[in-house]
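# Architecture at a glance
This is what each chain is made of:
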Amino acid sequence: MAGLNGDPFLRIDDNIEKLQYNNNSKEVIDKEGLVVRIGEDSSNNKNNNQGGEKDMAGNSIHRSGSRPQLDLSKAEIQGNSEERDPTILLPNQTDDISHLALDIGGSLIKLVYFSRHEDQSVDDKRKKTVKERLGISNGNRRNFPILGGRLHFVKFETSKLNECLDFISSKQLHRGRIDSHHWNSEAPANENAVIKATGGGAYKFADLFKERLGVSIDKEDEMDCLVAGANFLLKAIRHEAFTHMEGHKEFVQIDHNDLFPYLLVNIGSGVSIIKVDGDGKFQRVSGTNVGGGTYWGLGRLLTKCNSFDELLELSQRGDNRTIDMLVGDIYGGMDYSKIGLSASTIASSFGKAISDKKELQDYRPEDISLSLLRMISYNIGQISYLNALRFGLKRIFFGGFFIRGHAYTMDTISFAVHFWSKGEAQAMFLRHEGFLGAVGAFMSYQKHGLDDLMVHHLVERFPMGAPYTGGKIHGPPLGDLNEKISWMEKFVLKGTEITAPVPMAPPGTTGLGGFEVPSSRGATLRSDASALNVGVLHLVPTLEVFPLLADPKMYEPNTIDLSDHKELEYWFTVLSEHLPDLVDKAVASEGGTDDAKRRGDAFARAFSAHLARLMEEPAAYGKLGLANLLELREECLREFQFLDAYRSIKQRENEASLAVLPDLLLELDHMDEETRLLTLIEGVLAANIFDWGSRACVDLYHKGTIIEIYRMSRNKMQRPWRVDDFDLFKERMLGSEGKKPRPHKRALLFVDNSGADIVLGMLPLARELLRCGTEVVLVANSLPALNDVTAMELPDIVAEAAKHCDILRRAAEAGGLLVDAMNNNTLDGSRGNSSSVPLMVVENGCGSPCIDLRQVSSELAAAAKHADLVILEGMGRALHTNFNARFKCEALKLAMVKNQRLAEKLIKGKIYDCVCRYEPAT
Ligand SMILES: Nc1ncnc2c1ncn2[C@@H]1O[C@H](COP(=O)(O)OP(=O)(O)O)[C@@H](O)[C@H]1O
Ligand SMILES: CC(C)(COP(=O)(O)O)[C@@H](O)C(=O)NCCC(=O)O
Ligand SMILES: [Mn+2]
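Each value, and the rule that gives it
- Residues numbered from 1 in each chain as written.
- Chains lettered and ligands numbered in written order.
- Predicted model: local features only at pLDDT ≥ 70, side-chain atom pairs only at ≥ 80, totals over all residues.
- Heavy atoms only, no water.
- Axes fitted to C-alpha atoms, helices over the stretch in contact; angles between N-to-C directions.
- Helix = DSSP H or I, 4+ residues; strand = E, 2+ residues; numbered from the N terminus.
- Parallel < 35°, antiparallel > 145°, perpendicular 65-115°, else oblique.
- Left-handed = near helix turned anticlockwise from the far one by under 90°.
- Contact = heavy atoms within 4.5 Å.
- Nonpolar A, V, L, I, M, F, W, Y, C, P; charged D, E, K, R; others polar.
- Domains from an automatic or database assignment.
- Patch = residues over 30% accessible without salt bridge, like charges linked within 9 Å, V, L, I, M, F, W, Y side chains within 5 Å.
- Areas by Shrake-Rupley, 256 points an atom, 1.4 Å probe, with all protein chains shown as cover.
- Salt bridge = Lys/Arg side-chain N within 4 Å of Asp/Glu carboxyl O.
- Buried < 20%, exposed > 50% of the residue type's maximum accessible area, 1.4 Å probe, protein only.
- Arc of directions from axis to C-beta.
- Donors = N, O, S within 2.8 Å, 3.2 Å for Na, K, Ca; no water.
- Near = heavy atom within 4 Å.
- Polar contact = N/O pair within 3.5 Å; in protein donor to acceptor, adjacent residues only side chain to side chain.
- Pairing = 2+ DSSP bridges.

Running from N to C, helix α19 (residues 647–669) and helix α22 (residues 706–716) cross one another at 50 degrees; their axes reach a closest spacing of 10 Å. By the criterion of interaxial angle, the relationship of α19 to α22 is oblique. The hand of the α19/α22 crossing is right-handed. The segment α19 lies against α22, with Arg652, Glu653, Ala656, Ser657, Val660, Leu664 and Glu667 engaging Ile706, Ile707, Tyr710 and Arg714. Considered class by class, the residues forming the contact of α19 with α22 number six nonpolar, one polar and four charged.

Right, let's talk about the domain arrangement of the protein for a bit. Domain annotation for the protein reports domain 1 (48–57 + 91–230 + 432–471 + 528–542), domain 2 (241–315 + 365–430) and domain 3 (647–919). Taking only C-alpha atoms, the centre of domain 2 and the centre of domain 3 are 52 Å apart.

Here we come to a nonpolar patch on the surface. On the surface, a nonpolar cluster with roughly 310 Å² of combined accessible area is contributed by Ile330, Tyr331 and Met334. Along the chain, Met334 falls in the loop between α9 (327–330) and β14 (346–348).

Glancing now at helix α30 (residues 900–907). Among the residues of α30, those classed as buried are Leu902, Ala903, Leu906 and Ile907. One side of α30 carries all its buried residues, which in axial view fall inside an arc of 100 degrees. The elements touched by buried residues of α30 are β19 (723–724), α29 (875–880) and β25 (914–919). Among the residues trailing α30, Lys908 stands out with phi positive, at a value near 45 degrees.

Coordination sphere of the manganese ion (ligand 3), protein contribution only: Asp752 (OD), Asn753 (OD1) and Asp788 (OD), at 2.0 to 2.1 Å. One chain supplies every donor to the manganese ion (ligand 3), and in sequence these donors are spaced D-N-x34-D. Relative accessible area serves as the criterion here: at 2%, Asn753 is assigned to the buried category.

On to the site of ligand 1. Taken together, the neighbourhood of ligand 1 is formed by 16 residues, with Ser107, Lys110, Ser269, Gly292 and Phe401 sitting nearest. A distance of 2.8 Å separates an oxygen atom of ligand 1 from a polar atom in the backbone of Gly292. Phe401 places a polar main-chain atom, nitrogen or oxygen, 2.9 Å from an oxygen atom of ligand 1. Expressed as a share of its isolated accessible area of 570 Å², the protein-covered part of ligand 1 is 94%. At the level of elements, β4 (108–116) and α7 (292–303) are the ones that each hand at least two residues to the shell around ligand 1.

A separate point is the sheet that holds β25. If you trace the seven strands from one edge of the open sheet to the other, you get β19-β25-β24-β23-β20-β21-β22, paired in mixed fashion. Looking at which strands have only one partner, the edges of the open sheet turn out to be β19 and β22 (839–843). Note: strand β24 (residues 890–896) against β25, six bridges, orientation antiparallel. Along β25, the bridge assignment pairs Leu894 with Cys916. Sitting on the sheet, helix α23 (residues 726–734) is in contact with β19, β24 and β25, with an inclination near 45 degrees to β25.

Glancing now at the site of ligand 2. The immediate surroundings of ligand 2 are formed by 16 residues, with Asp691, Gly876, His880, Lys898 and Asn899 found nearest. Between ligand 2 and Asn899 there is a distance of 2.7 Å, counted from an oxygen atom to a side-chain nitrogen or oxygen. In isolation ligand 2 exposes 480 Å². Once the protein is present, 98% of that is buried. Mapped by element, the contributors of at least two residues to the shell around ligand 2 are α16 (565–589) and α29. Looking at which element gives the most residues to the shell around ligand 2, the answer is α29, with three residues. In terms of residue class, the shell around ligand 2 is built from four nonpolar, eight polar and four charged.

For the coordinates displayed, the defined rule picks out 50 salt bridges. Between Asp727 and Arg719 there is a salt bridge, and its shortest N-O distance comes to 3.2 Å. For Arg719, a relative accessible area of 33% puts it in the partly exposed group. A salt bridge links Arg809 to Asp806, with the nearest nitrogen and oxygen atoms 3.1 Å apart. Remark: Asp806 and Arg809 occur in helix α26 (residues 806–814); sequence separation between them is three residues, near one turn of the helix. Taking the relative accessible area as the measure of exposure, Asp806 reaches 46% and is therefore partly exposed. Linked by salt bridges that have partners in common, Asp669, Arg676, Arg767, Glu768 and Arg771 make up one network.

Structural data, given as structure tokens:
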């Protein structure tokens, strides 16, 4: 192909600054490591929460009662009412709208606080025009001026209340106030600030809060809060509830219409047992004074442990048979099988201590701890079952920090419920176990609109942040990235401690009602905070479910389920091996400065730590699929302020590809319709080889220029492809026996990579559709991920391409793209032929190489409404995710498989095989 200028001859890996990456301490996770997860979060946010007061039809939307309430009584205009913006005095509007809620329990203080996204909305003109085109000039959604932001979960020991107060004060959480659009933390402390709090400490420590922070505590009923929190979490978090039996954790999909009634058992210091019949409808039916406080209190006395975790950790190495009296002890080693009791069943907790002539010091603290843990867990399980039986309830949710995500505790409770109910009732646990009350208190503000949130509005992230006070590293909360990095560095010095494996081995059961002792692999219990298993919840009210999904309830984005450990191990290795190269690229993208190198190192540590954690416990952050891992990597980069690691690579590949585009278009235009369609699809598949996330491909790039590799890839295209529905698609497009089918009305093209992929693959295909009279919407990432093209970058690329092509130019003008992209360029910006079918660009709402169609941008959802063809391109969007997705409209899935294992697994093929899957509307 002619027409290559100097640049395209550059080898792909030329000019990329090679930086030394120190990769000697990749695995970091530790005690304090987790403090991290729930602490600071400096990640970039995909949401920019553009406000809008009108719906699609331009009607005003009334704010619901759950929005910030202003007390308008006795309102009067101050000064001259003829002025344009007179000041309105609201004499009765006194309280601050707080963004912190507390649950101050007998053992622990739980904090839930909200932070606003910094307004990072860039002046994206594309947005304005696309919204005009799609008829969503002011957003097709309700206006959520307050809601977009993040919910953080933090806890402190109640005995360390001062640390909690310091934390609140240093983060200024008690000053949270809102003007109509912004949290305003600069505002002076308000005399009348009020914080919602529940738990006994709300009463006990109210004066202290007033004294130390100048805030009043607004007390909320503890049971109300527990129930409100549980209901909210079960409704709004996809993987909140799970079962845990014999070491096996499984997430339970809760049907919101079939949630009630259930039994809620909150195991805090003491235990509350609540029958829940609906929102705000419940009854505390029972409780027990033998709870978490009992385990910790008695355990401390008997073992001299200094912390709850130490006590729990001891239990992992314990053998309760030295203390508990077993059925076998009474029956001479035999089972009492007639009534279903095995020899190893505990007949009497601590019963052996009566007959032995031993003193306390003669027992191992490990054995005592285990015996105690089993006694209490088993007892709670049994009482819960009895209450479930009383009311005919089948589902029991267990919350409270006694559980602490501890496998053995959950297994024991599950065992008791299963055993006594003969499998009729089911014990379930909650990821936000200890935060039910605090979440409920937060919701009681009735201002944050939380009650309106749906599962697709929430994105959970797991930042590697900074410690706040508490945990083992003390000091003020980290204020900026630099502090966070130093903290990570400090952390790594404790590397060996950090990486110690956590015993997760399932306890063996005898099958007859007794447990063997827990297997004692390793000695360290996972850090306190890590065991929380919760991240920061990003509230993104603009996200929507993709309206063209055939069955959103059944939709599962991930094709690869990582609960298969072999699979997880494989991808763990792939991502770990890719890490040094990624860090090089990231650091180079920031100019290779010392600061960038430090951030690169911290990123590598943080990401490795997440990987290590997930290897140990794949379900730690909820159900894990490959898409989640790939997204985690991108989010982690952003957390360390690498906003676009592949920036220069993308730019270079775009330029090189644009230089040869005119020749390609010319070549295509000389073909007959049928050959052209095939060449176009081939072109898309061939150009999908430019994927900087694939190890095999990156190795290839050392072997030639962009154009050489593109040509090589195209020459290798041979039909039939491994999945080849091209003939079906061709028939749909061109018809058969001379009958011309009607063109598609609108096609959504989910584009993938920059460079040849978009320029020489997807754009020519878009052009063909436009030529047929089909409106084309290019759907691209909101945020960078690897070398994927973003929605922000596309208008410039289209504008460049349009310089050489009338079809693209007219369509881009009609779609409003050219005006924006070219107003700095040669064209005069006039609308041109607006009768042409438009070419538009919308952002997909995500920043990952994969796409979860349950959470897409509102503009994509709006664009989808008139679409009758969806084209998903690339391995991430069409194979790792959505390979099995079904759509209401026609779908074409196009990708080159650039990974041997995936090829074998998915299509029984080999690396570089291609997929062209066409599916008619369902
Ligand atoms: N770091 C910890 N310090 C103290 N207790 C802990 C800790 N982690 C878990 N626990 C357990 O959690 C219980 C408190 O649970 P929680 O739900 O916070 O109840 P409360 O509201 O009564 O404080 C403690 O009694 C103890 O059994
Ligand atoms: C991250 C990716 C899904 C991106 O692929 P794309 O969507 O660009 O086709 C892919 O590069 C990938 O799965 N990479 C990891 C596997 C490997 O190195 O082979
Ligand atoms: Mn990609």
